[in-house]
Amino acid sequence: MTLGMEILEGLNPAQKQAVETIDGPLLIIAGPGSGKTRVITHRIAYMVRVRDVLPYRIAAVTFTNKAAREMKDRLERLVGPHSDALTVGTFHSFCAQMLRRDGSHVGLSPSYTIFDSDDQLALIKQAMELADIDAKQFPPQAVRSTISKAKSILVDAQTFARNQQNYFEERCARIYHHYEELLARNNAADFDDLLMRAVQLLQDNQEVRERYQERYHYLMVDEFQDTNVAQYRLARLLAEERHNICVVGDPDQSIYSWRSADIRNILSFQNDYADAATISLEQNYRSTGKILEAAKQLISANGIRLNKDLFTDNDQGKPVTIHEAYDEGEEASFVIDEIARLVREEKMERGDCAVMYRVNAQSRALEEACLHRGMKYRLVGGVRFYQRREVKDLMCYLRLLVNPNDDNAFLRIINTPRREIGPATLDKLATWALKRGQGLYHVCDDFALSEVMNPKAAEKLQKFKAWLDAKRQFCFGQNSLQAVQELITDMDYEGWLMQNASSPRIGEKNIENIWQLVRSIERMLEKQEDEEEGASDLESVIKKLVLLDMLEQQQEEDDSDRVQLMTLHASKGLEFPHVYMMGVEEEFLPHRTSIEEDNIVEERRLMYVGITRARETLAMTQALTRKQYGEKIDTTASRFVDEMPQEDIDYLGIGIQKDEAKEDAVAEASIANLRALLD
DNA sequence: TCCTCATAACTTTTT
DNA sequence: GTTATGAGGA
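The text that follows walks through the structure, step by step, so that each part is easy to find. (Residues numbered from 1 in each chain as written. Chains lettered and ligands numbered in written order. Predicted model: local features only at pLDDT ≥ 70, side-chain atom pairs only at ≥ 80, totals over all residues. Heavy atoms only, no water.)

1. Some points on the packing of aromatic side chains
And then number 1: The tally for this structure, following the rule as stated, stands at 14 aromatic pairs.
And then number 2: Each ring, one from Phe 94 and one from Tyr 216, has its centre 5.7 Å from the other, and the planes form 50 degrees; the classification is tilted. Taken as a pair, Phe 94 in helix α4 (residues 91–102) and Tyr 216 in the loop between α10 (206–215) and β6 (218–221) lie far apart in primary sequence, 122 residues in all.
And then number 3: On the basis of relative accessible area, Phe 94 is assigned to the buried category, the value being 8%.
And then number 4: On the basis of relative accessible area, Tyr 216 is assigned to the buried category, the value being 8%.
And then number 5: Their ring planes at 45 degrees and their centres at 5.5 Å tell us that Tyr 256 and Trp 258 sit as a pair that is tilted.
And then number 6: Take Tyr 256: its relative accessible area is 11%, and that puts it in the buried class.
And then number 7: Members of the aromatic cluster, each reached through a chain of ring pairs, are Tyr 397, Phe 410, Tyr 441, Phe 464 and Trp 467.
And then number 8: Positioned over the ring face of Phe 588 is Arg 626, at 4.4 Å from the centre of the ring. (Phe/Tyr/Trp six-rings, centres within 6.5 Å; stacked < 30°, edge-to-face > 60°. Helix = DSSP H or I, 4+ residues; strand = E, 2+ residues; numbered from the N terminus. Buried < 20%, exposed > 50% of the residue type's maximum accessible area, 1.4 Å probe, protein only. Lys NZ or Arg CZ within 6 Å of the ring centre and 35° of its normal.)

Pasting the structure below:
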């Protein structure tokens, strides 16, 4: 038993216990900075190297792609080459794979497409038209979130219809029904379906269930506080046979209830597995004493919580600072200038600094400040690559290649670039397709089409289909990448992008983006070739791409030299020596919508997450005025500031202002301050 | 059928 | 200050 025992070295007693407890249900409550990821990875390494568990039998599910990737990397180092056999991924990717294999039992053919939230919304709108429900009266967004919530607690259309409580829900029930039909017709699943169908699959199908239970003897769930009902049910089904399920989480870091994450899952876990062991990791190795104290005192304002006492042996460190700035521009300038100064004077690394904010919109002022000063930065998350218009368009072409029933993709690209096929034609096409009971694309070369519409239009449709069909032939052989490239050049997509861009620079950027997409396809094809001996096929690559698993990978080059900009949500699971938290104001943090919905506790947790990312220094900023809808509004300091230990905080007043505006700024700022005091 | 210009409505966080 | 929608002209 000496082999691999070094895995336990350097772990504290609680960590060691967590690593060694591999049989039976286990709940690990892991405070921030308590070495959670270390424990998970070491636990897996311990199973494999000491207890001789086959990597093949272990599954670890996380919440985000980023977390999954990081875990994979660490495991590679700890476990070695056998780590490839481990199943590590997000719930969604795990389910997507399961459904690709066995989805036929729940009505999904292997070539199914995954619809993202934009597709979802488009489909909801269609469903509302079918149900003859006015989109002005019932906002499609609201309908989508209602349906999404239903799915995340495993309520299907029939059940939903049975339990409707009011007029809105009655309308939603009808839309839900049509929506599901549309999904089926498109051979598609939305994000929530991935989970719900996977659960259905395991629940209704004994053979499949037993196969998966037999495959996975050990299951780990990371960020358990962020799982929703469907995800928890899935985990339970997988672990039903052996009960070797380990969940790791921290209720204080639950920040996704708006996505139906349910902290009660932790209680359910203790109920469902009465014999579960519970281990708390309470020693913080990350932050200074003062930072941890600030975090602890803040979160204690949340009242009833699972008992947990964080402590650290680290130095007390520097006080938390709070800076006021005149407006959001000055706020951003201050932060960036400060970072520049510390890099210059104290040899701080840019990559050691993270700037965090509540809403994505705040990143713009920051980006401008960075650009202006030549500060290198990386936007974590932000307007996501795959959501960019040109990337999505190209993706839709690819989707249509794989799944000709994908009407959403068809509609998106049929006239992009221009093919002079307008709404009138499409309307007729849709009617025809409905009559024939087939997809839009399929019906494009129907010879009878020229009788129900302008023959010229019919010809254009037919030409389009013939062209794409020709491309499809080359997609699945050796030259699939070439087919993609031809697709782009054939339609002079580059020219179209340039023409439509507001400036040549943006046009070039857009073009760069699509080639970046092509490059990641190329990389994935190569990778697949390595793994599966030559069997590279575009089809499976495109399906993975839709799950957006790999797209962000390439952006991660030399981060060490770049300031990291991100939302507080995106910061979860990360740590940085220096953290700047912007917009610490009422209406922002806590956010206005949360105040209205009376969900301050979650905002507090969000701030708690942000604070506990910091290792050495933490600086917060408040802009005294902020532009909203083009109008300047005075702000109030966040209530959370008062909830932190005042003795550990330095208030630094106005951080910076333009010289010519100085007097005005001071005057206005003090008025704003006075107002803040009066409130 | 496409394009331009005006106006309205909106903004939380993400797989 | 944006992005989604709509009316009206080419």
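2. Focus: the protein's contact with DNA strand B
And then number 1: For DNA strand B, the set of nearby residues contains 25 residues, the closest of which are Arg 358, Arg 418, Ala 424, Thr 425 and Tyr 629.
And then number 2: Here DNA strand B approaches the protein such that, of its atoms within 4 Å, sugar and phosphate make up 52%.
And then number 3: Thr 567 has a polar side-chain atom sitting 3.3 Å from a phosphate oxygen of DNA strand B.
And then number 4: For the surface near DNA strand B, the per-class residue count stands at eight nonpolar, eleven polar and six charged. (Near = heavy atom within 4 Å. Polar contact = N/O pair within 3.5 Å; in protein donor to acceptor, adjacent residues only side chain to side chain. Nonpolar A, V, L, I, M, F, W, Y, C, P; charged D, E, K, R; others polar.)

3. Examining the side chain of Arg 197
And then number 1: The topology assignment puts Arg 197 in helix α9 (residues 191–204).
And then number 2: Buried Arg 197, no salt bridge; nearest opposite-charge side chain is Glu 180, N-O distance 4.0 Å.
And then number 3: Aside from chain neighbours lying at most four places away, what touches Arg 197 is Leu 99, Val 106, Gly 107, Leu 108 and Glu 180. (Lys, Arg positive; Asp, Glu negative; His and termini not counted. Salt bridge = Lys/Arg side-chain N within 4 Å of Asp/Glu carboxyl O. Contact = heavy atoms within 4.5 Å.)

4. Some details on the side chain of Asn 186
And then number 1: Mapped onto the elements, Asn 186 comes out in the loop between α8 (167–185) and β5 (188–190).
And then number 2: Among all residues touching Asn 186, those that are not within four sequence positions of it are Phe 115, Leu 123, Asn 403, Asn 405, Asp 406, Asp 407 and Asn 408.

5. Some details on the sheet that holds β6
And then number 1: Spatial strand order, β3-β2-β6-β7-β1-β8: six strands in an open sheet with parallel pairing. Of all the strands in the sheet, just β3 (87–90) and β8 (277–281) have a single pairing partner and so form its edges. Along the sheet, successive strands turn relative to each other by an average axial angle of 15 degrees, direction set aside.
And then number 2: In this sheet, strand β7 (residues 245–249) lies alongside strand β1 (residues 26–30) in parallel orientation, the contact comprising four bridges. Its bridge partner lying in β7, Leu 26 is registered against Cys 246. (Pairing = 2+ DSSP bridges. Axes fitted to C-alpha atoms, helices over the stretch in contact; angles between N-to-C directions.)

6. A look at the packing of helix α11 (residues 229–239) against helix α12 (residues 264–272)
And then number 1: Viewed as axis vectors pointing N to C, α11 and α12 meet at an angle of 25 degrees, and their least axial separation amounts to 11 Å. Relative to α12, the element α11 lies roughly parallel. As for the relative orientation of α11 and α12, their crossing is right-handed in sense. Taken together, the residues of α12 that come into contact with α11 (itself represented by Val 229, Tyr 232 and Arg 236) are Asn 265, Ser 268, Phe 269 and Asp 272.
And then number 2: Tallied by class, the residues present in the contact of α11 with α12 amount to three nonpolar, two polar and two charged. (Parallel < 35°, antiparallel > 145°, perpendicular 65-115°, else oblique. Left-handed = near helix turned anticlockwise from the far one by under 90°.)

7. Topic: the protein's contact with DNA strand C
And then number 1: Contacts to DNA strand C come from Lys 125, Arg 364, Tyr 629 and Gly 630.
And then number 2: Here, DNA strand C places atoms within 4 Å of the protein, and 50% of those atoms are sugar or phosphate.
And then number 3: For the surface near DNA strand C, the class distribution of residues is one nonpolar, one polar and two charged.

8. Focus on helix α26 (residues 600–611)
And then number 1: Taking 1.5 Å as the rise per residue, α26 with twelve residues should run 16 Å; its terminal C-alpha atoms sit 16 Å apart, in good agreement.
And then number 2: With eleven of its twelve residues buried, α26 lies for the most part within the structure.
And then number 3: Burial in α26 covers these residues: Ile 600, Glu 602, Glu 603, Arg 604, Arg 605, Leu 606, Met 607, Tyr 608, Val 609, Gly 610 and Ile 611.
And then number 4: Of the surrounding secondary structure, the elements contacted by the buried residues of α26 are α13 (289–300), β12 (353–357), β15 (576–581), α25 (592–596), β16 (614–623) and α27 (639–642). (Expected span 1.5 Å × (residues − 1).)

9. Observations regarding the environment of Arg 436
And then number 1: In this structure, Arg 436 sits in helix α18 (residues 423–436).
And then number 2: Assessed through its relative accessible area of 41%, Arg 436 is described here as partly exposed.
And then number 3: Leave out the neighbours within four places in its chain, and Arg 436 touches Val 443 and Asp 446.

10. Considering the pattern of salt bridges
And then number 1: Going through the model one piece at a time under the given rule, you end up with 41 salt bridges.
And then number 2: Glu 70 is the salt-bridge partner of Arg 74, the closest N and O atoms lying 3.0 Å from each other. With a gap of four residues between them, Arg 74 and Glu 70 both fall in helix α3 (residues 65–79), about one helical turn apart.
And then number 3: Given the relative accessible area of 28%, Arg 74 is considered partly exposed.
And then number 4: One salt-bridge network, held together by shared partners, links Lys 36, Asp 222, Glu 223, Asp 226 and Lys 572.

11. Here we look at the nonpolar core
And then number 1: The biggest cluster of nonpolar side chains holds 52 residues, and the ones touching the most others in it are Tyr 397, Phe 410, Leu 429, Leu 461, Phe 464, Leu 468 and Ile 521.
And then number 2: For this core, the secondary-structure elements that each account for two or more residues are α16 (389–402), α17 (407–413), α18, α20 (455–475), α21 (480–490), α22 (493–500), α23 (504–532) and α24 (538–546).
And then number 3: In terms of residues, this core owes the most to one element, α16, which gives nine residues.
And then number 4: Here Tyr 397 is in contact with Ile 413, Thr 416, Pro 417, Arg 419, Phe 464, Trp 467, Leu 468, Leu 487 and Met 491, once residues within four sequence places are set aside.
And then number 5: Grouped together as the second largest cluster of nonpolar side chains are 40 residues, Phe 91, Leu 99, Tyr 212 and Ala 230 included. (Core = buried A, V, L, I, M, F, W, Y, C linked by side-chain atoms within 4.5 Å.)

12. Thoughts on the pairing of strand β18 (residues 631–634)
And then number 1: Inspection of the sheet shows strand β17 (residues 625–628) paired to β18 by four bridges, in the antiparallel sense. Along β18, the bridge assignment pairs Lys 627 with Lys 632.
And then number 2: Turn length for the β17-β18 hairpin, with the two strands adjacent in sequence and antiparallel, is two residues, and the turn residue Tyr 629 shows positive phi of about 50 degrees.

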